[in-house]
Amino acid sequence: ATVCHPLDVIRVQMQTEGSTYNGLNDAATGIYKKDGLKDGLYAGVSAAYLRQWLYGSCRIGIYAYLLENAQNENVKAGLEKNAISLSSKMLMGLTSGGIGSFIGTPSELALVRMGNDKKLPAEQRRNYKGV
């Protein structure tokens, strides 16, 4: 999140209404000149950390839980513990990733709002301090 976050801010500012940037470099230099590093390119970084924490921990935790259940079922059935098919592992990954994405969505919304706030007219800004 720390390294890629400025690209997220640039992406949000280029994709939202009223963008006047002519490309990646123009957006990056424009945002930096206007708002600096902390309030410009790193606006909303707390939401990015929250998103990574929620999505990553849910995805890994749910997958580990599903994998452990499948291993226990194999042991009960007298099979080798790790004799789990690729399709079953893919379904576990799909399930855990989907749930993680659902849980991480509110932090993604906060990230977009925080990254776009400086682009709004001063009277419409929310001046977010953190998630």
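Everything that follows concerns the structure shown earlier in this document.
Residues numbered from 1 in each chain as written. Predicted model: local features only at pLDDT ≥ 70, side-chain atom pairs only at ≥ 80, totals over all residues. Heavy atoms only, no water.

Undergrad: Kindly report on the environment of Leu91, identifying the contributing residues and their values.
TA: Following the sequence through the fold, Leu91 ends up in helix H5 (residues 86-116). Through-space distance from the C-alpha of Leu91 to that of Tyr63 is 9.7 Å; in sequence the pair is 28 residues apart. (Helix = DSSP H or I, 4+ residues; strand = E, 2+ residues; numbered from the N terminus.)

Undergrad: Go over helix H2 (residues 24-35) with me, naming the residues and quoting the values.
TA: Its twelve residues place the ends of H2 16 Å apart at the C-alpha level, agreeing with the 16 Å of an ideal helix rising 1.5 Å per residue. Gly36 occupies a position one or two residues after H2 and carries a positive phi of about 85°. (Expected span 1.5 Å × (residues − 1).)

Undergrad: I'd like to hear about the packing of helix H1 (residues 5-15) against H2, residue by residue, with values.
TA: Axis separation between H1 and H2 bottoms out at 10 Å; the angle between their running directions is 105°. Relative to H2, H1 is oriented roughly perpendicular. Residues Leu7, Val9, Ile10, Gln13 and Met14 of H1 form the contact with H2, whose own contacting residues are Leu24, Ala27, Ala28 and Ile31. For the contact of H1 with H2, a count of residues per class yields eight nonpolar, one polar and no charged. (Axes fitted to C-alpha atoms, helices over the stretch in contact; angles between N-to-C directions. Parallel < 35°, antiparallel > 145°, perpendicular 65-115°, else oblique. Contact = heavy atoms within 4.5 Å. Nonpolar A, V, L, I, M, F, W, Y, C, P; charged D, E, K, R; others polar.)

Undergrad: Describe the side chain of Arg51, with residues and values.
TA: Summarising the element assignment, Arg51 is placed in helix H4 (residues 45-76). You can call Arg51 buried: its relative accessible area is 18%. Once residues within four sequence positions are removed from consideration, Arg51 is found in contact with Asp8, Gly56, Gly104, Ser107, Glu108 and Leu111. (Buried < 20%, exposed > 50% of the residue type's maximum accessible area, 1.4 Å probe, protein only.)

Undergrad: Tell me about the packing of H1 against H5, and name the residues and values.
TA: Between H1 and H5, the least distance of the axes is 9 Å, while the angle of their chain directions is 75°. By the angle between their axes, H1 is roughly perpendicular relative to H5. On H5, the residues touching His5, Asp8, Val9, Arg11, Val12 and Gln13 of H1 are Glu108, Leu111, Val112, Gly115 and Asn116. A breakdown of the residues in the contact of H1 with H5 according to their chemical character gives four nonpolar, four polar and three charged.

Undergrad: Pulling in residues and values, what's your account of H5?
TA: At Thr105, H5 is deflected by roughly 45°, the largest bend along its length, and proline Pro106 occurs up to four residues later in sequence. Restricting attention to buried positions, one finds in H5 the residues Met92, Ser96, Gly97, Gly100, Gly104, Ser107, Ala110, Leu111, Met114, Gly115 and Asn116. For H5, the elements touching its buried residues are H1 and H4. (Bend = angle between axes of the 7 residues up to and from the residue.)

Undergrad: Please give an account of the pattern of salt bridges that cites residues and values.
TA: This structure, assessed with the given rule, holds five salt bridges. With a shortest N-O distance of 2.9 Å, Asp8 and Arg11 are connected by a salt bridge. Taken together, the residues Asp8 and Arg11, both in helix H1 and three residues apart, mark about one turn of the helix. Given a relative accessible area of 15%, Asp8 falls into the buried group. Exposure remark for Arg11: the relative accessible area of 30% places this residue in the partly exposed category. The closest approach of N and O atoms between Arg51 and Asp8, which form a salt bridge, is 3.3 Å. Separated by 43 residues along the polypeptide, Arg51 in helix H4 and Asp8 in helix H1 bring together distant segments of the chain. (Salt bridge = Lys/Arg side-chain N within 4 Å of Asp/Glu carboxyl O.)

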